[in-house]
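Letter by letter, the chains look like this.
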Amino acid sequence: MATTTSRRRGRAGQLPSDGRSLRLRLAHLDQDQADLDRARELLRLGREAAADDPREAFELVHRSALRGAGILVARANRDRRRRLPLNVWTALERLGGAEAERASALPPLVAERARLDRDPSAHPDPQLLGEHLRETAEHLDEVSRRLLADLPDHVTSLAG
């Protein structure tokens, strides 16, 4: 009798396979949201540093952009048999669509970061810094929308 009761309890505590899938999706959402929060924090720090230390600001914004793009690449890799390249900009390009458009806008920003790395006394082009700040903020907003768009309606309605 104890065995029968244990079996029933075990089955009752199990979620159907779609429940496990939802739980996994929610766990991924938690990780993605934590990465997005970190990206937004880097962007905030970059904005604060823009006036006093533009070099540091550019680096922070660039890392924020990398982290935001990395969220999309990680999400894509979860559903792919063959993983995307490690270079996040190349991976974005391979995803196509809006991601490829984002990747095509980045070469001047990547070149500016490389220039700054080569010359410790150089300052970033103010126009490129402003562009990077603006476009990264827009991209992080888009990443946020996409994180929620893939969840079932009954889950997102709980968030209000």
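Residues numbered from 1 in each chain as written. Predicted model: local features only at pLDDT ≥ 70, side-chain atom pairs only at ≥ 80, totals over all residues. Heavy atoms only, no water.

Trainee: Quick rundown of the packing of helix α3 (residues 54-78) against helix α4 (residues 88-95)? Include the residues and the values.
Mentor: Helix-helix packing is described using two parameters, namely the angle between the two axes and the distance between the axes. The geometry of α3 relative to α4 is characterised by a closest axis approach of 9 Å and an angle of 45° between their N-to-C directions. It follows that α3 is oblique to α4 by the angle criterion. The element α3 and its partner α4 pack so that their crossing is left-handed. Contacts from H62, A65, L66, A69, G70, L72, V73 and A76 of α3 reach α4 at V88, W89, A91, L92 and L95. (Axes fitted to C-alpha atoms, helices over the stretch in contact; angles between N-to-C directions. Helix = DSSP H or I, 4+ residues; strand = E, 2+ residues; numbered from the N terminus. Parallel < 35°, antiparallel > 145°, perpendicular 65-115°, else oblique. Left-handed = near helix turned anticlockwise from the far one by under 90°. Contact = heavy atoms within 4.5 Å.)

Trainee: Pulling in residues and values, what's your account of the packing of α3 against helix α7 (residues 126-149)?
Mentor: Running from N to C, α3 and α7 point in directions that differ by 25°, and their axes come no closer than 10 Å. Relative to α7, the element α3 is oriented roughly parallel. Of the two possible hands of crossing, α3 and α7 adopt the one that is left-handed. Contacts between α3 and α7 involve P54, A57, F58, V61, H62, S64, A65, G68, A69, I71, L72 and R75 from the first element and L128, L129, H132, L133, T136, H139, L140, V143, R146 and L147 from the second. For the contact of α3 with α7, the residue count by class is 14 nonpolar, six polar and two charged. (Nonpolar A, V, L, I, M, F, W, Y, C, P; charged D, E, K, R; others polar.)

Trainee: Before we move on, could you go through α7 and cite the residues and values that matter?
Mentor: Between the first and last C-alpha of α7 there are 35 Å, a value that for 24 residues agrees with the 34 Å anticipated at 1.5 Å per step. Looking at α7, one finds that the buried residues are L128, L129, E131, H132, L133, T136, A137, H139, L140, V143, S144 and L147. (Expected span 1.5 Å × (residues − 1). Buried < 20%, exposed > 50% of the residue type's maximum accessible area, 1.4 Å probe, protein only.)

Trainee: Outline the confidence of the model for the chain, listing residues and values.
Mentor: Here the chain averages 86 in pLDDT, while 81% of its residues score no lower than 70. Looking over the chain, one finds the lowest element-wise mean pLDDT in helix α1 (residues 2-13), namely 44, and the highest in helix α6 (residues 107-118), namely 97. (pLDDT = per-residue confidence, 0-100.)

Trainee: Account for the pattern of salt bridges, with residues named and values stated.
Mentor: Throughout the structure, instances matching the rule amount to eleven salt bridges. A salt bridge links E41 to R44, with the shortest nitrogen-to-oxygen separation between them at 2.5 Å. In this pair, E41 and R44 are both assigned in helix α2 (residues 17-49), three residues apart and thus about one turn of the helix distant. Within the structure, one salt-bridge network assembled from shared partners comprises E99, E142, R145 and R146. (Salt bridge = Lys/Arg side-chain N within 4 Å of Asp/Glu carboxyl O.)

Trainee: So what's going on with the side chain of E112? Which residues, and what values?
Mentor: Among the structural elements, E112 can be located in helix α6. Engagement of the side chain of E112 in a polar contact is seen with the side chain of R115, the distance being 2.7 Å. Among all residues touching E112, those that are not within four sequence positions of it are F58, H123, P124, D125 and L128. (Polar contact = N/O pair within 3.5 Å; in protein donor to acceptor, adjacent residues only side chain to side chain.)

Trainee: Account for the environment of D32, naming residues and giving values.
Mentor: In this structure, D32 sits in helix α2. For D32, a relative accessible area of 2% puts it in the buried group. Each C-alpha atom of the pair D32 and I71 lies 6.0 Å from the other, and the pair is 39 residues apart in sequence. Residues contacting D32, with those up to four places away along its chain left out, are I71, R75, R78 and L147.

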